[in-house]
Every structure is written in structure tokens, then in C-alpha cells.
Amino acid sequence: MTNIVTLDEFIITRQKDFAYASGELSGLLRDIGLAAKIVSREVNKAGLADIVGRAKNENASGDQVQKLDVMADELLIACLRNSGECCGIASEENDNYVPIKSKSSTNADYIVIFDPLDGSSNIDVNVSIGTIFAIYHRVTDRDETVSDEDFLQKGVEQVAAGYVFFGSSTMLVYTTGRGVNGFTLDPSIGEFCLSHSDITIPDDGNIYSCNQGGFRKWEPAIQDYTEECLNKSFKMRYIGSMVADVHRTLIKGGIFFYPASSSSPNGKLRLLYECNPLAFIMEQAGGKASDGRQRILDIEPTELHQRTPIFIGSPKMVERVEELVASYELEETFA
Ligand code: AHG
Ligand code: MN
Ligand code: MN
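Residues numbered from 1 in each chain as written. Chains lettered and ligands numbered in written order. Predicted model: local features only at pLDDT ≥ 70, side-chain atom pairs only at ≥ 80, totals over all residues. Heavy atoms only, no water.

A. How the structure looks around the pattern of salt bridges. Scanning the model with the defined rule gives 13 salt bridges in all. In this structure, Arg 270 engages Glu 92 in a salt bridge whose closest nitrogen and oxygen atoms are separated by 3.2 Å. Note that Arg 270 is positioned in the loop between strand S13 (255–258) and helix H7 (271–284) and Glu 92 in the loop between strand S3 (86–91) and strand S4 (98–99), a separation of 178 residues in sequence. For the pair shown, Arg 270 and Glu 92 are each scored as buried. A salt bridge links Lys 288 to Glu 319, with the nearest nitrogen and oxygen atoms 3.2 Å apart. (Salt bridge = Lys/Arg side-chain N within 4 Å of Asp/Glu carboxyl O. Helix = DSSP H or I, 4+ residues; strand = E, 2+ residues; numbered from the N terminus. Buried < 20%, exposed > 50% of the residue type's maximum accessible area, 1.4 Å probe, protein only.)

B. Structural view of the coordination of the manganese ion (ligand 2). Protein coordination of the manganese ion (ligand 2) is provided by Asp 115 (OD), Asp 118 (OD) and Glu 274 (OE), with donor distances spanning 1.9 to 2.1 Å. Spacing between the donor residues of the manganese ion (ligand 2) along their common chain follows D-x2-D-x155-E. Between the two metals, the manganese ion (ligand 2) and the manganese ion (ligand 3), the spacing is 3.7 Å, and Asp 115 donates to both. Of this pair, Asp 115 sits in strand S5 (residues 110–118) while Glu 274 is found in helix H7, placing the two residues 159 residues apart along the sequence. Both residues of the pair, Asp 115 and Glu 274, count as buried. (Donors = N, O, S within 2.8 Å, 3.2 Å for Na, K, Ca; no water.)

C. Fine view of the domain arrangement of the protein. For the protein, the assigned domains are domain 1 (7–196) and domain 2 (207–334). Between domain 1 and domain 2, the C-alpha centre-to-centre distance is 24 Å. The interface is formed by 48 residues belonging to domain 1 together with 31 residues belonging to domain 2. Interface of domain 1 and domain 2: buried area, both sides summed, is about 2900 Å²; carbon and sulfur atoms make up 65% of it. Contact with domain 2 buries area across many residues of domain 1, yet Leu 152, Lys 154 and Tyr 163 alone supply 20% of it, more than any other trio. At the surface where domain 1 touches domain 2, the tally comes to 1 salt bridge. Summed over the shared surface of domain 1 and domain 2, the result is 14 residue pairs in polar contact (both at pLDDT 80 or more). Among the elements of the structure, S3, S5, strand S6 (129–137), strand S7 (160–166) and strand S8 (170–175) are those that each provide at least two residues to the side of domain 1 that touches domain 2. Here the side of domain 1 that touches domain 2 gets 7 residues from one element, more than from any other, and that element is S6. (Domains from an automatic or database assignment. Contact = heavy atoms within 4.5 Å. Buried area = accessible area lost by both parts, 1.4 Å probe. Polar contact = N/O pair within 3.5 Å; in protein donor to acceptor, adjacent residues only side chain to side chain.)

D. Just the site of ligand 1, in detail. Surrounding ligand 1, one finds 18 residues, the nearest of these being Asp 118, Gly 119, Tyr 238, Met 242 and Tyr 258. Asp 118 has a polar side-chain atom sitting 2.7 Å from an oxygen atom of ligand 1. In the complex, 86% of the free accessible area of ligand 1, which totals 470 Å², lies under the protein chains. Every element with two or more residues in the shell around ligand 1 is listed here: S5 and S13. Among the elements that take part in the shell around ligand 1, S5 stands out by supplying 3 residues, more than any other. A breakdown of the residues in the shell around ligand 1 according to their chemical character gives 6 nonpolar, 5 polar and 7 charged. (Near = heavy atom within 4 Å. Areas by Shrake-Rupley, 256 points an atom, 1.4 Å probe, with all protein chains shown as cover. Nonpolar A, V, L, I, M, F, W, Y, C, P; charged D, E, K, R; others polar.)

Next up, the structure:
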């Protein structure tokens, strides 16, 4: 029998790392793992069931919502509501945060922010998609209902973050601030099994990942960086699901970026449920995540669905972007 370590076993073993851990966080991670298995089941038969295609509504970001977005959102909320460890959630698919009021969760200590289904535009063409989550301690009193300040916390305050990647296999990758570990779902036993211990990103790389269609609308420093990648004959890889592009970057090295543009001055990707959790994971794996000028995890949030430009991946590549941005700013200062 090979030495299989399931997600549950791993979480319990690692719980000993946390002197203060009362098991709540472990319970939360297990509940998210359960939701991931159910979403994986639904994703894997999406084409057969009536869950591909468009839902009727638009979300707070103005994105056309797919049926699978709604299903994943409702499923995650249900699992978190039952967990009793979570006192509030915020998600891409809900305009505002949702207090979780249940007997068992009144004095729960954690809030969860998530993108229930990332890469929705890829659902109908059977290309990889994902789920992204971030976990924080609440900051208001436990006997009060959660409020804005519980959700508008800087990324550095995250207690845990992770993603589920529905690709050729289903993987769950997470960190609690002590490194990054990846688990692959074995459908035959219904368990996530440890498959990628202590993931570390290469310091440098030769893969760049961006929607180069936006090139003409980017600031000169980012155009210069893209041309540097082209001149060095780097490989260009772009799946169009942030989870998939960042996961490849984490494993192989390289850089993923979604910059600001003349039409989207803050870029497209959302700070709270896409950039912060993936930045936490990337930094824990030895990588970097920046908006070109500052660390993603240091950005002070002002609203739930705010967007930020992001450059994330091998530290040497992210630092090169920041150098170019700084050199243009210097030029402007003395122009
Ligand atoms: P979501 O499906 O949660 O709205 O996220 C989609 C995001 C992200 O996954 C991806 O990196 C980006 O949109 C792709 O945007 P473009 O289609 O503009 O390249
Ligand atoms: Mn997304
Ligand atoms: Mn989404």
C-alpha cells in the first residue's frame, strides 16, 4: 500500500503546527474540500446536465453569470453554512457580503471570501476552470453580525488561502502560511491525496502569460516588458482561467500578468477573491505578486469587488516589471 496522505489527515497532522488552533480552521478547510469534491462531480458532467450555458443574471462585476457559477456559489455557501466555523462570506456572485447566521456559527471566528468559479468563459468549451478562496479571522466582536471591516482586510491578514483546479485532474492547493501543498482528487476513493509537497516556484522563468490582445492599451513599461519577453523568445501560454495560468506558473516558473489598460484603469482581476489568495500562495511558494508598484498583499481594500492590475510569478520576472515601471516614473518625475 503506497503511503497515501489524504487532505483530512494532512490538515489534522499540520494542525499541531498551530499552538492556538482549536480545530476550527481545520474544519473549515475540510468543508471547503467537501464543496470542491461536489463541484468537481458537477463540472465533470457539466455537458450532460443542464448546467452549462448562461444563467439569467449579471454579477456585481457586470460579468455574464454562467449556471455553473451559480451552482458552485450556492454549494460553497451551503457547505460553509453547515460548517459552523464561518460567520460570513463574500463572493464574486453576491453584490454584498452574506452573514452566516446559524446556531453553531454565532461565535465562529472566520470569514471566507471566494470566487466560486474562475474562468467561467471556458466552461462551455470544456477548458480548465477553478475555485479560489481566502480565509480571515473576523475583526468585529463575535456576538455582533459581521460588517464591512471583516471583509475589507489587507491580503497580509489572510489566515489561509487556496484554489481548486478543475483540470485534467482536480487539484486542491492551499497554504496556511507554512508553505504550499497540493492534493489531487482520486475519484475512486473520493479523497484529495497529497501529490505536491512544499511547492516552490523557480526563481526565474521563460514563460509569460497574458492576454496580449490588450497590448496597444497597456502603459509603455508593460509594453516594453512584453517586447523583452518576445525578444528573448520566451514561451507564451494563456488559458484564460486565472487559476490554470497561475497554477502552471507556480509549477513551471514564469509570470502571469493582467495589467491596467486605457479601457480598464484598474485591470480586470478582483483583489479580494482572485489576486489576494493567489498572491498569498505565490509568496508562500517563494514567488512574488505585485500591481507593478506595490505588493498585492499590502493593498488596502476599499470595496468588495475592486480590481487591481497584477504581475505574479517568479521573483526575478516580477522584479523586472517593477524596475521598468519605476524607470518610467523616474523619467516622468524629471521630464
Ligand atoms: P471569472 O470567470 O471568475 O470572472 O474570472 C475570469 C478571469 C480570470 O479567470 C482570467 O484570468 C481572466 O478573467 C481572463 O480575462 P480575458 O478573457 O480578458 O483574458
Ligand atoms: Mn475569477
Ligand atoms: Mn468567477
